[in-house]
Amino acid sequence: MNPRLVWLVCVCVGLVVAQDDGSTDDGGSADDGGDGGSGDECEESWEYIDFLRKDVNEKVQEILEGLRDAKNKGGVAVLEDTVSSTMKQVLEIREGILDRIFKLRKSEITICEDQNIKQEENLTNLRMDIMSILLKLIDRDSASIEKLKEIRDDLLEFRMTVNNEVMRVMMLPQGNKAQKKVDTGDCAECELLDNLRSKIENLINCAENDGDQGDDEEGSNAEASTEPAAGEGGAEGGDDGSAECMPPPMYFMELMECNRKIDDETERLFPSLFATVDEVERKEIEDQLNSLKSIREEIEEVITKLSKTKPDDEEKLRKTVSRSLSNTLSTLQSLEKECKQNCGPEGCDSCGAEILYEMLDKMDYYEQIYNNTEAEPVDLNDEVRRDLMKFISANSEESTNILKKKVEGTLDDCDQEKLDVFNKTKNPLWMLVNTTIFAEATEEPLFMVQAMKEMLNQLLSEYCAGEPVPERKNLDDGPSCQWEEYEQTGEYINKIDEIIQESLFKPGGDSAKLDAQLGFIEIKKLLDKRVEKLFLDGMVCPDEATTIKKQWMIELNRCMVIFMNSKLKFTEMTRLERIQCTKSLRAAMELRRSDLLQQELESSINQIGDVQSLYPQESRAEA
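## Quick notes on the overall build of the protein chain
In step 1: A count of helices and strands for the protein chain gives 21 helices and zero strands.
In step 2: Counting across all 623 residues of the protein chain, residues that qualify as buried make up 49%.
In step 3: Roughly 29,800 Å² of accessible area belongs to the protein chain as shown, and the carbon and sulfur atoms make up 48% of that amount.

## Points about the pattern of salt bridges
In step 1: Tallying each qualifying case throughout the model produces 42 salt bridges.
In step 2: In this structure, Lys453 and Asp364 form a salt bridge, with 2.9 Å as the shortest nitrogen-oxygen distance. With Lys453 in helix H16 (residues 443–464) and Asp364 in helix H13 (residues 351–370), the pair connects residues that are 89 residues apart, well separated along the chain.

## Notes on helix H19 (residues 542–563)
In step 1: A rise of 1.5 Å per residue sets the reference length of H19, with its 22 residues, at 32 Å; its end C-alpha atoms lie 31 Å apart and thus fit the reference within 8%.
In step 2: Maximal helix bending in H19 amounts to about 35 degrees, located at Ile548.

## Some thoughts on the packing of helix H3 (residues 45–69) against helix H6 (residues 145–170)
In step 1: Close contact between H3 and H6 brings their axes to 10 Å; oriented N to C, the two are set at 160 degrees. The pairing of H3 with H6 is recorded here as roughly antiparallel in orientation. You can see that H3 and H6 cross each other, and the crossing is left-handed.

## A closer look at unusual backbone geometry
In step 1: Even without a glycine there, the phi angle at Lys118 is positive, about 60 degrees.
In step 2: Take Lys118: it is sitting in the loop between helix H4 (78–105) and helix H5 (119–137).

## What about the packing of aromatic side chains?
Aromatic rings considered in pairs are described by the distance between their centres and by the relative angle of their planes.
In step 1: With the rule as written, the count across this model stands at three aromatic pairs.
In step 2: With centroids separated by 5.1 Å and ring planes inclined at 65 degrees, the aromatic side chains of Trp46 and Phe505 adopt a geometry described as edge-to-face.
In step 3: Consider the rings of Trp483 and Tyr486, whose centres lie 4.9 Å apart with planes at 20 degrees: the pair is stacked. One end of the pair, Trp483, and the other, Tyr486, are both in helix H17 (residues 481–504), three residues apart, so they sit about a helical turn from each other.
In step 4: Sitting above the plane of the Tyr486 ring, Arg593 keeps its charged end 4.0 Å from the centroid.

## Let's talk about the side chain of Glu485
In step 1: Turning to its location among the elements, Glu485 is positioned in helix H17.
In step 2: Residue classification places Glu485 among the buried positions, given a relative accessible area of 4%.
In step 3: Dropping the residues within four chain positions of it, Glu485 is found in contact with Glu544, Thr547, Arg592 and Leu596.

## Quick word on the side chain of Ser322
In step 1: Structurally, Ser322 is set in helix H11 (residues 314–324).
In step 2: Side-chain polar atoms of Ser322 contact the side chain of Glu208, separated by 3.1 Å.
In step 3: Apart from the residues within four sequence positions on either side, Ser322 is in contact with Ala207 and Glu208.

## Considerations on the packing of H3 against H5
Axes are the key here: two packed helices are described by the angle between their axes and the distance separating the axes.
In step 1: The N-to-C vectors of H3 and H5 enclose an angle of 10 degrees; their axes lie 12 Å apart at closest approach. By the criterion of interaxial angle, the relationship of H3 to H5 is roughly parallel. Facing H3, whose interface residues are Tyr48, Phe51 and Leu52, H5 presents Gln119, Asn122, Leu123 and Leu126.
In step 2: Among the residues making up the contact of H3 with H5, the classes are represented as five nonpolar, two polar and no charged.

## Side note on a negative patch on the surface
In step 1: Judged by side-chain charge, Asp278, Glu279, Glu281, Glu284 and Glu286 come together as a negatively charged surface patch.
In step 2: As for its placement among the helices and strands, Glu281 is situated in helix H10 (residues 279–307).
In step 3: According to the relative accessible area criterion, Glu281 is partly exposed, its value standing at 31%.

## Notes on the environment of Thr304
In step 1: Locating Thr304 in the fold gives a position in helix H10.
In step 2: Distance from Thr304 to Phe252, taken between C-alpha atoms, is 8.8 Å for residues 52 residues apart in sequence.

## Things to note about helix H14 (residues 377–408)
A turn of α-helix holds 3.6 residues, and therefore any two residues three or four places apart point the same way.
In step 1: The terminal C-alpha atoms of H14 lie 46 Å apart, and with 32 residues this matches the ideal 46 Å at 1.5 Å per residue to within 8%.
In step 2: Looking only at H14, the buried set comprises Leu380, Asn381, Val384, Asp387, Leu388, Phe391, Ile392, Asn395, Ser399 and Ile402.
In step 3: Within two residues after H14, Gly409 carries a phi angle of roughly 80 degrees, on the positive side.

## Things to note about the state of the cysteines
In step 1: Using the criterion set out here, one finds three disulfides in the structure.
In step 2: Between Cys206 and Cys245 runs a disulfide, and the two sulfur atoms are separated by 2.0 Å. Between Cys206 and Cys245 the disulfide shows an S-S torsion of about -85 degrees. By sign, it is left-handed. Within this pair, whereas Cys206 is found in helix H7 (residues 188–208), its partner Cys245 is found in the loop between helix H8 (218–224) and helix H9 (251–275), the two being separated by 39 residues in sequence. A single burial state applies to Cys206 and to Cys245, both of which are buried.
In step 3: Cys559 shares a disulfide with Cys581; S-S distance 1.9 Å. Between Cys559 and Cys581 the sulfur-sulfur dihedral comes to about -100 degrees; the bridge is accordingly left-handed. With Cys559 in helix H19 and Cys581 in helix H20 (residues 575–613), this residue pair connects regions lying 22 residues apart in the sequence.
In step 4: The class for Cys559 is buried, based on a relative accessible area of 0%.
In step 5: Assessed through its relative accessible area of 6%, Cys581 is described here as buried.

## Looking at the confidence of the model for the protein chain
In step 1: For the protein chain, per-residue confidence averages 75 on the pLDDT scale, and 76% of positions sit at 70 or higher.
In step 2: Low pLDDT, under 50, characterises residues 213–242; the predicted model gives this stretch 91 contacts beyond four residues in sequence or across chains.
In step 3: This model gives residues 469–476 a pLDDT under 50, and the stretch forms 20 contacts once residues within four places in sequence are excluded.

Rules and cut-offs
Throughout, residues of each chain are indexed from 1 in the direction in which the sequence is written. At least 70 in pLDDT is required for a residue's local features to be given in this predicted model, at least 80 for side-chain atom pairs to be given and counted, and no such filter applies to totals for whole chains, interfaces and linings, which use all residues. Water and hydrogen atoms were dropped before computing side-chain values, which therefore reflect all heavy atoms in the structure. Counting from the N terminus, the helices are the DSSP runs of H or I reaching at least four residues and the strands are the DSSP runs of E reaching at least two. Think of it in three bands: residues with accessible area under 20% of the maximum for their type are buried, residues over 50% are exposed, and the middle band is partly exposed, with areas taken using a 1.4 Å probe on protein chains only. Values of accessible area rely on a 1.4 Å probe in the Shrake-Rupley scheme; residue burial ignores everything except the protein chains shown. Basic side-chain nitrogens of Lys or Arg form a salt bridge, by our definition, when they fall within 4 Å of a carboxyl oxygen of Asp or Glu. By this rule the span expected of a helix is its residue count minus one, scaled by 1.5 Å. The term bend refers to the angle at a residue between two fitted axes, each drawn through seven residues, those ending there and those starting there. Angles here are taken between N-to-C directions and fall from 0 to 180 degrees, while the axes themselves are lines fitted to C-alpha atoms, restricted in helices to the stretch in contact. Orientation labels follow simple angle bins: below 35 degrees gives roughly parallel, above 145 gives roughly antiparallel, 65 to 115 gives roughly perpendicular, and whatever is left gives oblique. We call a crossing left-handed when the near helix sits turned anticlockwise from the far one by less than a right angle, and right-handed when that turn is clockwise. Any pair of Phe, Tyr and Trp rings, taking the six-membered ring for Trp, is counted once the centres come within 6.5 Å. Such a pair is stacked with planes under 30 degrees apart, edge-to-face with planes over 60 apart, and tilted for the rest. Here, a charge over a ring means that NZ of Lys or CZ of Arg falls within 6 Å of the ring centre while also lying within 35 degrees of the ring normal. Contact between two residues is taken to exist if any of their heavy atoms lie within 4.5 Å; hydrogens are not considered. We define a polar contact as two N or O atoms separated by no more than 3.5 Å, with the added condition that, inside protein, one atom must be a possible hydrogen donor and the other a possible acceptor, whereas residues neighbouring each other in sequence contribute only through side-chain atom pairs. Ten residue types, Ala, Val, Leu, Ile, Met, Phe, Trp, Tyr, Cys and Pro, are classed as nonpolar, four, Asp, Glu, Lys and Arg, as charged, and the remainder, Gly among them, as polar. For patch building, the residue pool is restricted to those with more than 30% relative accessible area and no salt bridge; the joining distance is 9 Å between like charges and 5 Å between nonpolar side chains (Val, Leu, Ile, Met, Phe, Trp, Tyr). Only four residue types enter the charge count, namely Lys and Arg as positive and Asp and Glu as negative; His and the chain termini do not. Here the site of a charge means atom NZ of a Lys, CZ of an Arg, CG of an Asp or CD of a Glu. Defined by distance alone, a disulfide is two cysteine sulfur atoms within 2.5 Å. Values of pLDDT, which run from 0 to 100, indicate the predictor's confidence residue by residue.

The structure is reproduced here in structure tokens:
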């Protein structure tokens, strides 16, 4: 161990002891200086949370990433170098905590007495935890695999302690009032029309069938429907009419989402309208814009009618949707049919697209099967499985024939495209087969079918646009599945923190409630896009997809249902009530991240041990 580092630790420890002894008299001044707590705008908690996240947890994260990457350094001194760099970073964290304690005692940081944050008390506990880690790092035998694993476990535990402290502060009562912070492509238009038609069709069906899922089963709805049942509607371009029925007071949210999609498409088309000099093309774009404008106005009119209807008058809400949207549905069906007549394999000069269209037809057929709610789930799964097995068998036979051409040297570009499509879709199709075998209900197989459609449409747009189709992910070419999921989950947590900070942490009116709802929709988009990418990569990381489908989407849907309850008085809720659902989702994600990080670190440290075993004599000589 480097003697200078040990000396530095001892000096720091001595300074802190002196600081503790010399600052006790200032403890009361913190209270005296906390006059901000009596003001209307006093807010201590979020600044403290920000410190814990940025100055503590993010630095712990850097240390753990360093431990993970140590396997790539090589050499006989890798253990000593790793311990040395870890010690420096731990010292930096400790100094940051000590500096904040010192500022608290000197009243340089505002204390809101009524909020009962207890920063100094809890930071002192964190200081002691980090000190125990530091002492292990200066032990003589710290540069060993066993000690490094022990230090890793301590850092993970410390990280969880900090996360728990963040959640504790988030869940504290509000205290005094505070002010609130203020190119037209091949079939893109057909995809939009299909999504709109599916949404409108589903709404009408739910309204006419009196919403068989019922308002009394909101909880089960949230769990059973990981699809766009709560207003967002799934990933863009991936919606269908098989979503669960939402409560009638929430119908307007689905219609607002339809108009949002129309607005996005309008914004996409306008530049093409002004850029083109071809009169025929200009006329086609103008017709599309006029059609979308007409549909949008019809939907907006229905939204207005729904907004003027009392939320508890569900019968009237259903009748309004059923009667007012019939003409809109008819228009969409006609436009979609006309659009698809001018689109398809003949409109896309790609052999791979021919295979993709066949697969899309199969997925549409399977959706029709699952929409038969009168049949038993086991029978529906069996029917889909038998047909899919035949389809995969036919694909395998064609793929084998193409491979024979490759061996014979007669393979052309068209056959190569077909072979690429078969290779990219083989694993996802088999995953769908497995899902139909092990799933007891139809929700998960239906989700897989819908995800397959998203993947196929993505591939289709790439083949038809003549762009290079990205190669499927190879685990040997980049980060592991655990590390990718760890980083992705961090993005979801950041978005959750943003919702909590801007919409839930401080009291706000209905605008804050709406902002929170929109934030949930953004998270759902992130989840949908991630699932789509996992499928495009050939589903080499199935555990992550399962976690998203069976945990995050279900929890997120539950939060969306709660916040879309029209009877919810947002302004009358306490902070604990506003944040409860979101906090549960965040805590579950943090726990998952910790497990993933522990797996990754275990693998990395074991690899360091494997490297060290190659240089046993050199290591002993250096020691």
